[in-house]
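Letter by letter, the chains look like this.
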Amino acid sequence: MQSKASTPEEYINELPEDRKIVIQKLREVVLQNLPNGFKEVISYGMLGYVVPHEIYPDGYHCTPKLPLPFFNIASQKNSVNIYNLVIYGNKEIHDWFVSEYPKHSKYKLDMGKGCIRFKKLEAIPYELIGELISKVSVEEWIEMYEKTIKKQK
């Protein structure tokens, strides 16, 4: 369900009411914990938090005209998803998140390589997501990305 919205507000306003509340709360958590330098955009039809070209001119290796993605929030058909490449590219942060998750939610973790799906909206561990967002600075993310993810391609 890729959105055609051009701003975060448009994206949120087009959602059903139950999703609107959840996505807005996730957005607030992200914005409160997002390290300096990242920028909020619409990316891949969802809320995106990226390293802008002014900081990292190379952009994303898959599509260099796009800024380097860091974190995304999406309302999908059957779930609310977050996408975080740090979890995919950093085993230490991945393992930390997996071990902390049960302390914040009674539901089973539904996770792909860099995607976490929440089918039960009440299962979203907002505080843990805030911690995840704050773990990596722009500079650390660029270094991590170049060493692990970009190198693989």
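As shown above, the structure is provided for reference.
Here the structure is a predicted model, which is why all the values come from computation and not from measurement. (Residues numbered from 1 in each chain as written. Predicted model: local features only at pLDDT ≥ 70, side-chain atom pairs only at ≥ 80, totals over all residues. Heavy atoms only, no water.)

> What is the right way to read the sheet that holds strand β1 (residues 39–43) from this model?
Reading across from one edge, β1-β2-β3-β4-β6-β5 is the order of the six strands in this open sheet, with antiparallel pairing throughout. Whereas interior strands pair on both sides, the edge strands pair on one side only; in this sheet they are β1 and β5 (110–111). In this structure, β5 lies alongside strand β6 (residues 115–118), joined through two bridges in antiparallel fashion. Across the sheet, M111 pairs through a bridge with I116, a residue of β6. Here helix α2 (residues 17–33) sits on the sheet in contact with β1, β2 (46–51), β3 (68–75) and β4 (80–84), set at roughly 155 degrees to β3. (Pairing = 2+ DSSP bridges. Helix = DSSP H or I, 4+ residues; strand = E, 2+ residues; numbered from the N terminus. Contact = heavy atoms within 4.5 Å. Axes fitted to C-alpha atoms, helices over the stretch in contact; angles between N-to-C directions.)

> I'm lost on the side chain of N81 in this one. Help?
Within the secondary structure, N81 sits in strand β4. A residue is classified by how much of its surface remains accessible, and N81, at 5% relative accessible area, is buried. Side-chain polar atoms of N81 contact the side chain of S79, separated by 2.7 Å. Setting aside its immediate chain neighbours within four residues, N81 contacts N72, I73, A74, Q76, C115, I116, R117 and F118. (Buried < 20%, exposed > 50% of the residue type's maximum accessible area, 1.4 Å probe, protein only. Polar contact = N/O pair within 3.5 Å; in protein donor to acceptor, adjacent residues only side chain to side chain.)

> Just to check I follow, could you spell out the packing of helix α4 (residues 91–104) against helix α5 (residues 126–134) for this structure?
Pairs of packed helices are described in terms of their axes, by the angle between the two and the distance that separates them. Between α4 and α5, whose axes approach to 10 Å, the crossing angle comes to 165 degrees. In terms of axis orientation, α4 runs roughly antiparallel to α5. Crossing geometry of α4 relative to α5 is assigned as right-handed. Counted together, I93, W96, F97, E100, Y101 and H104 of α4 and E127, L128, E131 and L132 of α5 form the full contact between these two elements. Residues that form the contact of α4 with α5 fall into these classes: six nonpolar, one polar and three charged. (Parallel < 35°, antiparallel > 145°, perpendicular 65-115°, else oblique. Left-handed = near helix turned anticlockwise from the far one by under 90°. Nonpolar A, V, L, I, M, F, W, Y, C, P; charged D, E, K, R; others polar.)

> How do you make sense of the packing of aromatic side chains when you look at a structure like this?
A complete count under the given rule lists eight aromatic pairs for this structure. Aromatic side chains Y49 and F71 sit 6.5 Å apart centroid to centroid with 55 degrees between the ring planes, which places their arrangement in the tilted category. One end of the pair, Y49, is in strand β2; the other, F71, is in strand β3, and 22 residues separate them in sequence. Y49 sits in the buried class, given a relative accessible area of 0%. (Phe/Tyr/Trp six-rings, centres within 6.5 Å; stacked < 30°, edge-to-face > 60°.)

> Please explain the state of the cysteines as it appears in this structure.
Defined simply, a disulfide is a covalent bond joining two cysteines at their sulfur atoms. With the rule as written, the count across this model stands at zero disulfides. Just so you know, C115 is unpaired, no disulfide at all, and the nearest cysteine sulfur is the one on C62, 16 Å from it. (Disulfide = S-S within 2.5 Å.)

> Explain α5 to me, please; I cannot follow it from the model alone.
Counting along an α-helix, one turn takes 3.6 residues, and residues three or four places apart therefore face a common direction. Looking only at α5, the buried set comprises Y126, L128, I129, G130, L132 and I133. The elements touched by buried residues of α5 are α2, β3, β4, α3 (85–89), α4 and β6.

> Sorry if this is basic, but what is going on with the pattern of salt bridges here?
Any two side chains of opposite charge can pair if their charged atoms end up close together. Tallying each qualifying case throughout the model produces eight salt bridges. Between E40 and R27 there is a salt bridge, and its shortest N-O distance comes to 2.7 Å. Placement of E40 in strand β1 and of R27 in helix α2 is noted, with a sequence separation of 13 residues between them. Residue classification places E40 among the partly exposed residues on the basis of a relative accessible area of 21%. The exposure class of R27 is buried, given its relative accessible area of 10%. The partner of R117 in a salt bridge is D110, with the nearest N and O atoms 3.0 Å apart. Overall, R117 belongs to the partly exposed group, its relative accessible area being 28%. Residue class for D110 comes out partly exposed when judged on its relative accessible area of 22%. (Salt bridge = Lys/Arg side-chain N within 4 Å of Asp/Glu carboxyl O.)

Interpretation in functional terms is not warranted from these geometric data alone.
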